[in-house]
Structure formats: structure tokens, C-alpha cells
Amino acid sequence: MNKVHIIQIVSACFFAFSFFIGIKKISAQSMVGYIEPMAGTGSATTKAALKHAKGDALNANTIPAVTTPFAMTQWTPQTQTSENKCIPPYFYNDNVFNGIRGSHWLSGSCTQDYGSVTVMPISGKLETAAEAYSAKFERSDEYSTPYEYSVSLKKYDIVTSVTSTARCGMIKLTAKKADSVYVLITPNSDYDVGYIKIDEKTGEISGYNPVHRIYQGWGKEAGFDGHFVININRKITRSGTFSQGKIFSSKIISNQKAIGVYLGFKLNAGETIQIKVGTSFSDLNGARKNLLSEMPDWDYGKIRTKNRQQWEKALSQIILKTDSEKDKRIFYTAYYHAMQQPRLYNDVDGVYPKFASNHQLAKLDEGEYFDDFSLWDTYRAHLPLLEILQPDMVSNVAQSLIIKGQQGGYLPIFPCWNSYTSEMIGDHCSSVIASACLKGINKFDVKEGYRLMRQNAFDLPDNKEDYIEGKGRRALDSYLKYKYIPLEDSVPDAFHKREQVSRVLEYAYDDFALAQMAKKLGKKADYMLLIERSGYYKNVFDKQVGLVRGRHENGSWIQQFHPDRKESYITEGTPRQYTFYIPHDINGLSNLMGGNNKLEQALDSLFLKNEYWHGNEPGHQIPFLYNFTRSPWKSQSAVRDILREEYSDGPGGLSGNDDAGQMSAWYMFSAMGFYPVNPVSGEYLLCAPLFDRTSIKVGEKKTFVIETSKASPGAGFIRSVLWKGKEYNKNFITYEMIKAGGTLVIYLQEKPNKNWGTASISHPYSLSR
């Protein structure tokens, strides 16, 4: 053993000891206090976003949600009254408040809200038109955390606060002066449907907002509603209904524009009204059960404290040591965003609306049922993050996807609103289910999962109407016939039409994922066929230009070729950007380009041209691909630049749609020092960690620790790595290493170590494995 090795081992022991001594101090910190709920609620101001994005794509579309992890309903201040696509309930630059919304907004998306309900307090004269009762506010009037939001409405001299449980919200109104106070409750249907009722005997308010589909089948009823049941702790002195600003004495109103109920009270200065709202996707009885179970009394402070404790427990699974308070704010805010989807759908008794059905209910025997999977985004890093942190939940996720396949007939491509959507491209249920199974996360029906995955990969519905609904892979027949999707196939029965080249690349990856599951289950013939198909990406790679390119039925390439423009055969990007989406076979891509040096040059070209766009998911693996070249240090440099330039803790601090937590999960992985380029592989490529120490609890008595030893404060390049005190020369770690627990020590220096990590460039996963 040489002197360097001895020093490294001694250092590792010292770090382990210092971690043991310091962990009590670190654990005593409030993790939830680092969360900035307003981050991402404004337009992006990052470098890449300003170059590559415009319009809606500039918005991260997160909201200052009061919620619990993966809750059914989020509670947010409302500054936008509609449920329209790409219009979140709250925009940071708005200055008009019009209620607290029980929202089902897909966090960080450009989709639409659904099945929501809004509660708005006013005082003085009764007004029921939004433009009349909305109240201006300033940033200084707000207080926002994951467990409580509060705003002081100067127009009405009312302080409005909200806290929540998984399925319910509790709103507290405090009067600053004696006055008449009215509570307006509106089901927010943009389709002029819905129902709301005041029960004069019990004082209960109940109603529903029918959910309508998005993407494929846009505007059709989704077959379930957003139900709500509301209780109030004060006697109502006046009540009625309204529509479009007109007031009625009736206690029930339905299927009209801008409907709602008003409830009148007399309050003295300092008096409060408390409002409990139970929600359900099943029925009103489900909302009542949820409310009775989760909010049996009126103790607002107890609910708020319990909510905060839930967040503290969740966030403290990862403990950081760093002198940068800003980096902690960005990290724990990302963690908060990564724990909002997928969405809990079942009631406390296990009842939930059947997938893609017409108001039919089902009941779970065990586990939980989830929906709102932005799969084109989240299979890349968000769900892999949950595989590490919450494997039991991932089993529920996989089983939820399987249930959808059983109830609807086919695994959905992009299941949201508990319906088929045919949104985006790829077939990434295959990645999610296979990844979980291969990692031993298999508390679900693995055989049934494989059957449904295989059906998606090989069969199209016999019924044309089923295909149009969104069942099955788009353009599968062309993919199997030509071994790519030619430009002549315009992919008409999809929300995203054409995009042929991107579809080929994503299907090839999904075939690889399914192949690995076939191999694990001993299905050799399937494995051989699928592993061959996973190489179909080669058929859209034009060696003459060194990039992917649109191709005709006769095999010829599209004549007009613009590598750095958005093209119809590429999804939300350019040919140059999408060329690097071969996560399962980067070595194969390298060979097509002419070797590792050519791959490195192609990556250099992308970054030198400023063509890397972090705001959209297909490029998220690109900075890590230098690990497949002779210059892994360039990954360390590129990732550090992105962490610094594309993330901040302000309203514009995300470089594009957060997409249900994918953008945030990228930050979390990269800041910790590892990233899952190929999610099903169980391998994570290393980069230079941002923190001095990251401690991840991975079991009851197991902790995975990443220690960073810097030669100087500015050191950002990996010199060497120790794993459990021994020299570790690979440029990736594995799921098994993480889950077993132990300490990974990464030594950083100021200048690149051009020898570290190059020994394994022929490794991380390839088609030959």
C-alpha cells in the first residue's frame, strides 16, 4: 500500500467519524425551512431558457402548494380563475387574489387543472362576480410554506390561511375588524357544468366539478368528478347561490356559467371562521369519509403541525452539509417539487374511480392507487429517485399502472386525468415497471405487468376506436415494418403528430427495457427479438452528417436538413439535441459516430454552439455522456455549470416546465453527484458533488453517504474515489451499492484529472449485456 492510499484511508475514517459527531447537529435543522414555494412560479430567467424557450415554455409552472407528499389535492392561492391548459392557478407576477383553490394542477406542467374548488372570503357588500370581489395584494402580504399559506387581504381586512392533509384542506379566516363576512365557494368548471348545494339542516356544502379529458379525446368527459364536502364551524346567517354575478335564493345550482354559493356571517374584530374541505375523485360519500378520517376536529394548529412534521420526516431522509444556504434552499425546494406527483387517487377506504371508465368505482385490497404520470418526463430521473427513497411507493406506482392496463385493456402511454391521453411519445410504462422489477422492487403483479408491456410492444387494438382513444403505441405498425418510422407516416391518431425520429429512439429504449425484463423472467425468444429492436435507433442515424435525420419509406434521407432547428420529425427539440438520446447504448452511438473521440467532439460542438437546452427532458442525460469518452472531467464541468446557471431559488429559477418533478429530480441527483442516464440499468454516472456531505437514509438502519474532500475551496474535478475505504476506479455506482449503505468519498481538485474514470468507458451498459 503506498503513502497516497494510506492518506486516503485515514481521511475516509476521519470523515466517517466527523459525520457521526455532526449528524445530530445537522438533523436538528429544519429542512422544511429551506423550501421556497414561490420558486418556479414566474417566467424562467436562466441562460438556456432565454435562448431556447419562448411563451409557455418559459414557465416552470410550479405553484406555492400547501400539500403533503403525493397528496390527492393541493391548496394554493388563486390568481387565475380558469382551469385552462398552461394556465396554473397562481402566477408570481399576478397581484390579484381571488381565493384558495383545492387544486389538481399537475405540478410544473403545461397541462390544465381539473376537478377543483375555490373558497374566497370577502367582507362588506356581497359581490359574486370574480372581477368585482378579487383583491389586490403584495408580496409582503403573503406567507408561504409547504404546510401553510397565508395572505392578508387589505381590501377586506381579512387574513386567510390554509393548511392540509392528503385529501383535505382547512381554511382559517380571521377578521381584523367587525363586519359582515361572506364566503364564496365555486366549482371551477370551464365547461359551464357542475353542481353545488347548501344543506340547510346540517350546514354542509357539497358539490362536484366534472372532469374533462385532455389531449386525445380533448373535452370529452373523463368519467369521474372532483367532489368536495365542506363544513364550517360557525352558524350561517345568510346563504344562497349565484351565477355570472347574479344572486339567487335557491340552495342548489348546477350546469350554469360561473356558479357558486355564498355564505354570510357576522364577525367581530379578531374572530375567526374555520372551513374544512374534504375532496374525493370517487363520490361525495368518499369526500365525507376522507374529511371525517383526516380532520375529525377543528384544531387548525394540530393539522398544520402534523403537516409540517410529515415534510420534515420526508425531507430529512437526505441530510446535507454545506456552507451554502442558497444551495440548500434550491435542493430542498427541488425535493418539495419532486414529492407532489404522482397523485394519490384512492379514498381512505381504498375506493377510487376505475381507469378510463364511465363513473365506475373500484376498491383496493391493499396499497394505494396513483395517477397523473407525466411519464415522458418522469421516467428519466424523477421515478428513479423514488426507487432509492421510497421503493414501496414505487411498487404501488407499478401496480397502479398495471391496474390501468387491466381496466382499460392496454397500458397507457401518458396516463393523466385517470384516462388515456396518447400524449407525448414513447411507451415508458415499460421503463418504469421494468426498472422497478430489475431492482427487486416487485411487490406487484410482475407477470401481469410483463404481459401488458409485451402487448404494447407487439400488438395494436383490433378496434380502431380503441387506438384513436390512445391505446397502444402510435405508429407501431410502421416501426415493425420498416424498423424505423418513415416520414410518410404522419402519425395522425396522436396529440403529438409526426415526430417520427424521436419516436424511434424512444421505442428503441423501451424495447431495451422490456428486453431486460424478458431476460430476468427467462423469456429468451422475446429477449432476443427485443434486444434486436432496441438497435433500431441506428436506422435513423445518418453517418454522413453524424446526426439523426428524417427518413423516407424508400430509405432516402430528407433533403432539407437543419441540425439546429426544430423539425417536424423531432419532439420538442432539434436533430442535434435528440441525437444523444440513446440512453441504453451510448457505446453504440459512439461507434456510429466513429469512436469515442468523435462522440466527444460531437458533445463539444453541442455545448460550444450553446445548443444544449436544459429546459426540456430529452437532453437531460447529455452532460453526463462525456463519461463514455476519454474526458469524463468534461461531464463534471458541464454539470457544475448547469447547476449554477439553470437553477436558483427565485420565481424564475427553473429553466423550463418542471414537469411533475423531473427538472427538480435532475438537480437533486446532479447536486449529490450521480445520475441515472439509463434508468433500467441500475447504474448512475458520477459527477462532482455540490455538497461537502450528502447522507441518504436507504433503510431502517442503512445510510448511503457521499463525502467530498476538496483540495481547495474552488475544487470541482474528481481526483480519486474511495468506496468503503478502498480505491474505486469506475465512473459509475450501482443501485445495489446505494441500497446496501456505506460511504463513498470523492476527492476533488481544481484542475481536471484526465486519467480518472477513463478505464470504464467501454462499460456502463450496452446492448451486448
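Predicted model only: the values in this text are computed from it and were never measured.

Participant: Would you explain the overall build of the chain in this entry?
Facilitator: Regarding its fold elements, the chain presents 21 helices and 33 strands. Taken over the C-alpha trace, the chain has a radius of gyration of 27 Å; the compact-globule value for 769 residues is 27 Å, and the two agree within 12%. By residue count, 66% of the 769 residues in the chain fall in the buried class. Sequence-distant contacts, at least 24 apart, represent 70% of the contacts inside the chain between residues at least 6 apart. Carbon and sulfur atoms make up 49% of the accessible area of the chain, which amounts to about 27,100 Å² in all.

Participant: Before we go on, may I ask you to explain the pattern of salt bridges in this structure?
Facilitator: Evaluated as defined, the whole model comprises 39 salt bridges. Of the charged contacts in the structure, one is a salt bridge between Arg 329 and Glu 36, with a shortest N-O distance of 4.0 Å. On the criterion of sequence distance, the pair formed by Arg 329 in helix H6 (residues 325-338) and Glu 36 in the loop between helix H1 (3-27) and helix H2 (47-52) is long-range, its members being 293 residues apart. When its relative accessible area of 25% is taken as the criterion, Arg 329 is described as partly exposed. Notably, a salt bridge pairs Arg 644 with Glu 645, separated by 3.7 Å at the nearest N-O pair. Judged by relative accessible area, which is 52%, Arg 644 ranks as exposed. On the basis of relative accessible area, Glu 645 is assigned to the partly exposed category, the value being 31%. Each of Asp 427, Arg 473, Asp 511 and Arg 533 takes part in one network of salt bridges that share partners.

Participant: So what exactly am I meant to see when it comes to the pairing of strand E13 (residues 221-232) here?
Facilitator: Within E13, ten of the twelve residues are buried, which leaves it mostly tucked inside the rest of the structure. Alignment of strand E12 (residues 205-212) against E13, held across seven bridges, turns out to be antiparallel. Residue pairing for E13: Ser 206 is matched across the bridge by Val 229. Two strands pair when backbone bridges link them, and E13 and strand E18 (residues 272-280) are joined in this way by six bridges, in the antiparallel orientation. Each residue of the ladder has a partner; that of Val 229, found in E18, is Gly 278.

Participant: Explanation requested: the sheet that holds strand E32 (residues 732-734) in the structure shown.
Facilitator: Either a parallel or an antiparallel arrangement is found when strands of a sheet pair, and the pairing is made through backbone hydrogen bonds. Taken in spatial order, the three strands line up as E26-E27-E32 in an open sheet, and their pairing is antiparallel. Because the sheet does not close on itself, it has two edges, and the strands there are strand E26 (674-675) and E32. When E26 meets strand E27 (residues 683-686), the two strands line up antiparallel, connected through two bridges. Within E27, the position partnered with Phe 674 by the bridge is Leu 686.

Participant: What's the story with the sheet that holds strand E19 (residues 318-321) in this structure? I'm lost.
Facilitator: On the basis of which strands lie adjacent, the open sheet formed by six strands has the order E19-E28-E29-E33-E30-E31 and mixed pairing. Looking along the sheet, the strands with just one partner apiece sit at the ends: E19 and strand E31 (726-727). In this structure, strand E29 (residues 703-710) lies alongside strand E33 (residues 742-749), joined through seven bridges in parallel fashion. For Glu 707, the partnering residue across the bridge sits in E33 and is Val 745.

Participant: Explanation requested: the nonpolar core in the structure shown.
Facilitator: Inside soluble globular proteins, nonpolar side chains tend to come together where they are buried. Core analysis: the largest hydrophobic core is formed by 174 residues, its most contacted members being Phe 331, Ile 388, Phe 580, Phe 674, Phe 704 and Ile 733. Once residues within four sequence positions are removed from consideration, Phe 331 is found in contact with Ile 318, Leu 320, Tyr 667, Met 668, Ala 671, Met 672 and Phe 691. Listed in part, the 45 residues of the second largest apolar core include Tyr 156, Tyr 182, Val 183 and Leu 184.

Participant: Sorry, what's going on with the state of the cysteines here?
Facilitator: In protein structure, a disulfide is the covalent linkage between the sulfur atoms of two cysteines. This model, assessed by the stated rule, comprises one disulfide. The thiol of Cys 416 is unpaired, and the distance to the nearest cysteine sulfur, on Cys 429, comes to 11 Å. By relative accessible area, Cys 416 is classed as buried at 0%. The structure places no disulfide on Cys 437, whose sulfur is separated from the nearest cysteine sulfur, that of Cys 429, by 15 Å.

Participant: Would you take a moment to explain the environment of Trp 298 for this structure?
Facilitator: Checked against the element boundaries, Trp 298 lands in the loop between helix H4 (284-294) and helix H5 (300-315). Since its relative accessible area comes to 31%, Trp 298 is described here as partly exposed. A sequence separation of 128 residues divides Trp 298 from Met 170, and the C-alpha atoms of the two residues are 8.6 Å apart. Trp 298 has contacts with Met 170, Asn 231, Ile 232, Asn 233, Gln 274, Ile 275 and Lys 276, leaving out every residue within four places of it along the chain.

Participant: Can you walk me through a nonpolar patch on the surface in this structure?
Facilitator: Taken together, Tyr 191, Trp 218 and Phe 495 make up a surface patch of nonpolar side chains, about 290 Å² in accessible area. Among the secondary structure elements, Phe 495 is positioned in the loop between helix H13 (476-482) and helix H14 (500-520).

Participant: Could you clarify how one ought to interpret the confidence of the model for the chain in this entry?
Facilitator: Low pLDDT marks stretches whose predicted atomic positions should not be read closely. Mean pLDDT over the chain: 93, with 95% of residues reaching 70 or higher. Counting interchain partners and residues more than four positions distant, the pLDDT-below-50 stretch residues 1-28 has 30 contacts. Confidence drops under a pLDDT of 50 for residues 762-769, and excluding neighbours within four residues, the segment shows 35 contacts in the predicted structure.

Participant: Got a minute to help me understand the packing of helix H17 (residues 586-593) against helix H18 (residues 596-608) in this structure?
Facilitator: In a pair of packed helices, the angle between the axes and the distance between the axes together describe the arrangement. Remark: H17 packs on H18, axes separated minimally by 7 Å, with the N-to-C direction vectors making an angle of 95°. As judged from the angle between their axes, H17 and H18 are roughly perpendicular. Counting all contacts with H17, which are made through Ile 586, Leu 589, Ser 590 and Met 593, the residues of H18 involved are Asn 596, Lys 598, Leu 599 and Ala 602. In terms of residue class, the contact of H17 with H18 is built from five nonpolar, two polar and one charged.

Participant: Help me understand H6 in this model?
Facilitator: Spacing of three or four residues puts side chains on the same side of an α-helix, whose turn is 3.6 residues. Compared with the 20 Å implied by 1.5 Å per residue over 14 residues, the 20 Å span of H6 between its first and last C-alpha is a close match. Counting buried residues in H6 gives eleven out of 14 residues, a clear majority hidden from the surface. Of the residues making up H6, those classed as buried are Asp 327, Lys 328, Ile 330, Phe 331, Tyr 332, Thr 333, Ala 334, Tyr 335, Tyr 336, His 337 and Ala 338. Where H6 is buried, its residues meet H5, E19, helix H8 (382-389) and helix H20 (662-672).

Participant: Before we go on, may I ask you to explain the packing of aromatic side chains in this structure?
Facilitator: Given two aromatic rings, one states the distance between the centres and the angle between the planes to describe the pair. Taken as a whole and judged by the stated rule, the model has 41 aromatic pairs. On the basis of an interplanar angle of 85° and a centroid distance of 6.5 Å, the ring pair of Phe 97 and Phe 137 is categorised as edge-to-face. Pair noted here: Phe 97 is in strand E2 (residues 96-97) and Phe 137 is in the loop between strand E5 (135-136) and strand E6 (142-144), with a separation of 40 residues, a long-range link. Taking 5.4 Å as the distance between ring centres and 85° as the angle between the ring planes, the aromatic pair formed by Phe 331 and Tyr 332 counts as edge-to-face. There is no split in this pair, since Phe 331 and Tyr 332 are both buried. Aromatic ring contacts, followed pair by pair, group Tyr 114, Tyr 215, Trp 218, Phe 224, Phe 281, Tyr 345, Tyr 352, Tyr 369, Phe 414, Trp 417 and Phe 495 into a single cluster. In this structure, Lys 276 packs its charged tip against the face of Trp 298, placed 4.3 Å from the ring centre.

Rules used throughout
Residues numbered from 1 in each chain as written. Predicted model: local features only at pLDDT ≥ 70, side-chain atom pairs only at ≥ 80, totals over all residues. Heavy atoms only, no water. Helix = DSSP H or I, 4+ residues; strand = E, 2+ residues; numbered from the N terminus. Rg over C-alpha atoms; globule rule 2.2 N^0.38 Å. Buried < 20%, exposed > 50% of the residue type's maximum accessible area, 1.4 Å probe, protein only. Contact = heavy atoms within 4.5 Å. Areas by Shrake-Rupley, 256 points an atom, 1.4 Å probe, with all protein chains shown as cover. Salt bridge = Lys/Arg side-chain N within 4 Å of Asp/Glu carboxyl O. Pairing = 2+ DSSP bridges. Core = buried A, V, L, I, M, F, W, Y, C linked by side-chain atoms within 4.5 Å. Disulfide = S-S within 2.5 Å. Patch = residues over 30% accessible without salt bridge, like charges linked within 9 Å, V, L, I, M, F, W, Y side chains within 5 Å. pLDDT = per-residue confidence, 0-100. Axes fitted to C-alpha atoms, helices over the stretch in contact; angles between N-to-C directions. Parallel < 35°, antiparallel > 145°, perpendicular 65-115°, else oblique. Nonpolar A, V, L, I, M, F, W, Y, C, P; charged D, E, K, R; others polar. Expected span 1.5 Å × (residues − 1). Phe/Tyr/Trp six-rings, centres within 6.5 Å; stacked < 30°, edge-to-face > 60°. Lys NZ or Arg CZ within 6 Å of the ring centre and 35° of its normal.

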